Amino acid sequence: MDMKKGIAISPGIAVARAYRIDQALTGTTGEKIETSMVPAELARFDHACERAAQDLDRIIQRVAREVDQDSARIFHSHRLLIRDPALNAKVKSLIIHQHVNAVTGLRQTLQDYEKLFSKIEDDYLRERIADIRDVTHRLVAQLISAQKPENVIKEDESIIIVAQEILPSQAVMFNRFQVGGIVTESGGTTGHAAILARSMGIPAVSGIQDLLQDVKTGDLLVIDGREGLVVLNPGPEVESAYRKMQREYVNLRDALVENRDIEAITPDGEKIELLANANTVLDAAAATGVGAAGIGLFRTEFVYLSHSSVPNEEEQVAAYRNIIETAPHNRVIIRTLDLGGDKQVPYLGSHHEANPFMGWRSIRLTTQYPEFFQTQIRAILRAAVFGKVSILFPMVTTLEEVIRLSRLLENTKMDLRRQNIPFAENTPFGVMIEVPAAAICIDQLLDEVDFISIGSNDLIQYIMAADRDNPKVAHLCEPFHPSIYRILKHIIQECTSRQKPVTLCGEMSARPACLLALMGLGIRRFSMSPAFIPTAKEMVLATSLTEAKRSIEQILKMKSSQEIREHLKNRVRQLCPKVTTLDTL
Ligand code: PEP
Ligand code: MG
């Protein structure tokens, strides 16, 4: 038995066999085939090239139509690469002469190219290896889609995904795999893969060193996502102790859901609104299941990330309408596309950046691609007739940006009016406060908007200058530093004095200890992954505002994260002991 300590990413306990995602995505390395299988393997490879080329044709047409010709160009070059005689000949020669399967042939060919390209001095040319990598992955995906993971994992067997890191675009596919848990070497608590794991209720741990060296597919693993613990090959006693703990955990979590029809009101009578963050329609359904008051943040990027090319206006209207009609009370705050950072799509000219979280992301892209964003705004405004919908713009930094976005919204409405297309004229317009510049100068922005939503995940990473996805700085990217409470106090005071509604929609609100402090600061509306709403409601039911205000007064005088964390954790243990079993406080 080997026990490893990492970072607690998503609460819960899982006991299951490990499944390495590198193998899931690329097949078993070095897999040999019989001589008699060679012709069939060559045909399989040709067939995969054919299907990948057809896919790219569709993508090229779509991107050219809906983004621009320039962005489509990159896919043209991928299409040419698929047919590249040298690449084809290399893979086929490996299949014929070394009797390896097509996936292995592709992997070896990619490795050879990587070695070759690493010697090129010209930066631009050297980086073209990214295109070869992309095309290889596309072909491998074609090859293994005909050979689904069910071949490797039994259909009814839950697995624990083991990987270097999980990309958000991979995490959205996880339902298919019956994922019971996730362990990774890298990834922080508020990165988007972590958020997805939490919203799907999948226990997860990251920051485990040498994971891929030590764990192979089929090893038995235990993970405890509350403590950040991973046990490799537990003995029978440890296994059965964790299975018992897992049952207790699930029972308690299910029992708490029974508070779904009770209003979230503090013992001294203050109403708190608990809304849900949603990435998919499944989250919207889960939000109803736990009694959320609505969807407080719909992250539209997952409509794009789970789509092989750009979803058009009609497809977007349908997707948003589906969310609105599934959401509790048909109430949804829809956020416009927040790509960049750890969420990339191949269109919109994605390219390597040294500092992607501080780079060309989110609404910053609207200056280069106004029409692309206008299509999204049209779709949101049109879908908004099906419920109580607000539109939210992420990552704003300056007043000029807010004015520009407000104009973009007004111009889009004007177009819809001119075309006699029905839409919700009075859709409220809000911005996210997640960049310190916007938080500090919030008084300047408030006159321009109907409401604000605090994105504490990004706000904290920028205040602390600590990447939310990097486990090495996870100790800094924590919601306990005094600076965080000071800046939140400022935001809330400004919003209150101008009577602008404010929601906090970062992961911070899902932590019972932070919820206590945030209620004390005066926030009355929170949005979090649906899975956390029952626990948050228990906290609200047990916490008087007098208590919360007393705590925040003390916190605002404290000098370190440690002091604040300890104070809050102790208070939660006293006020609402049962939530301590469920969560990382
Ligand atoms: C945030 O930054 O707090 C937020 C809610 O947005 P996201 O996690 O999608 O960046
Ligand atoms: Mg954010």
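What counts and what doesn't
- Residues numbered from 1 in each chain as written.
- Chains lettered and ligands numbered in written order.
- Predicted model: local features only at pLDDT ≥ 70, side-chain atom pairs only at ≥ 80, totals over all residues.
- Heavy atoms only, no water.
- Helix = DSSP H or I, 4+ residues; strand = E, 2+ residues; numbered from the N terminus.
- Buried < 20%, exposed > 50% of the residue type's maximum accessible area, 1.4 Å probe, protein only.
- Near = heavy atom within 4 Å.
- Polar contact = N/O pair within 3.5 Å; in protein donor to acceptor, adjacent residues only side chain to side chain.
- Nonpolar A, V, L, I, M, F, W, Y, C, P; charged D, E, K, R; others polar.
- Axes fitted to C-alpha atoms, helices over the stretch in contact; angles between N-to-C directions.
- Parallel < 35°, antiparallel > 145°, perpendicular 65-115°, else oblique.
- Left-handed = near helix turned anticlockwise from the far one by under 90°.
- Contact = heavy atoms within 4.5 Å.
- Pairing = 2+ DSSP bridges.
- Expected span 1.5 Å × (residues − 1).

Below, the discussion takes up the environment of Lys-244. On the secondary structure map, Lys-244 appears in helix H11 (residues 236-256). On the basis of relative accessibility, which here comes to 48%, the residue Lys-244 falls in the partly exposed class. Distance in space between the C-alpha atoms of Lys-244 and Ile-13 is 9.9 Å, their sequence separation being 231 residues.

A few words now on the site of ligand 1. For ligand 1, the set of nearby residues contains 16 residues, the closest of which are His-192, Arg-299, Gly-455, Asn-457 and Arg-468. The side chain of Glu-434 places a nitrogen or oxygen atom 2.9 Å from an oxygen atom of ligand 1. Between an oxygen atom of ligand 1 and a main-chain N or O atom of Ser-456, the distance comes to 3.1 Å. Mapped by element, the contributors of at least two residues to the shell around ligand 1 are helix H9 (192-199), strand S10 (295-299) and helix H19 (456-464). The biggest single contributor to the shell around ligand 1 is H19, with 3 residues. Class assignment of the residues belonging to the shell around ligand 1 gives a composition of 4 nonpolar, 5 polar and 7 charged.

This next bit is on the packing of helix H14 (residues 313-326) against helix H15 (residues 370-383). Relative to each other, H14 and H15 sit at 40 degrees, their axes nearing to 8 Å. In terms of orientation, H14 and H15 fall into the oblique class. Where H14 crosses over H15, the two elements pack in a sense that is right-handed. Seen from H14, the contacting residues are Glu-313, Glu-314, Gln-316, Val-317, Tyr-320, Arg-321 and Ile-324; seen from H15, they are Thr-375, Gln-376, Arg-378, Ala-379, Ile-380, Arg-382 and Ala-383. In terms of residue class, the contact of H14 with H15 is built from 6 nonpolar, 3 polar and 5 charged.

Moving on, we get to the sheet that holds strand S5 (residues 179-184). Strand order in the open sheet formed by 8 strands is S1-S8-S7-S3-S4-S5-S6-S2, and the pairing between neighbours is mixed. At either end of the open sheet lies a strand with only one pairing partner, and these are strand S1 (2-5) and strand S2 (7-10). In this sheet, adjacent strand axes meet at a mean angle of 30 degrees when their direction is disregarded. Of the strands in this sheet, S2, S5 and strand S6 (204-206) touch H9, which is tilted by about 55 degrees from S2.

All right, on to helix H20 (residues 482-497) then. Compared with an ideal rise of 1.5 Å per residue, which puts 16 residues at 22 Å, H20 spans 23 Å between its outermost C-alpha atoms and is within 8% of the ideal. Remark: Gln-499 follows H20 within two positions and exhibits a positive phi of approximately 50 degrees.

As a further point, take the environment of Arg-573. For Arg-573, the location among the structural elements is in helix H24 (residues 561-575). Under the relative-accessibility criterion, Arg-573 is labelled partly exposed at 43%. A C-alpha to C-alpha distance of 22 Å links Arg-573 and Arg-524, two positions 49 residues apart in sequence. At a separation of 3.2 Å, a polar atom in the side chain of Arg-573 contacts the side chain of Asn-570.

Geometry only, nothing functional implied.
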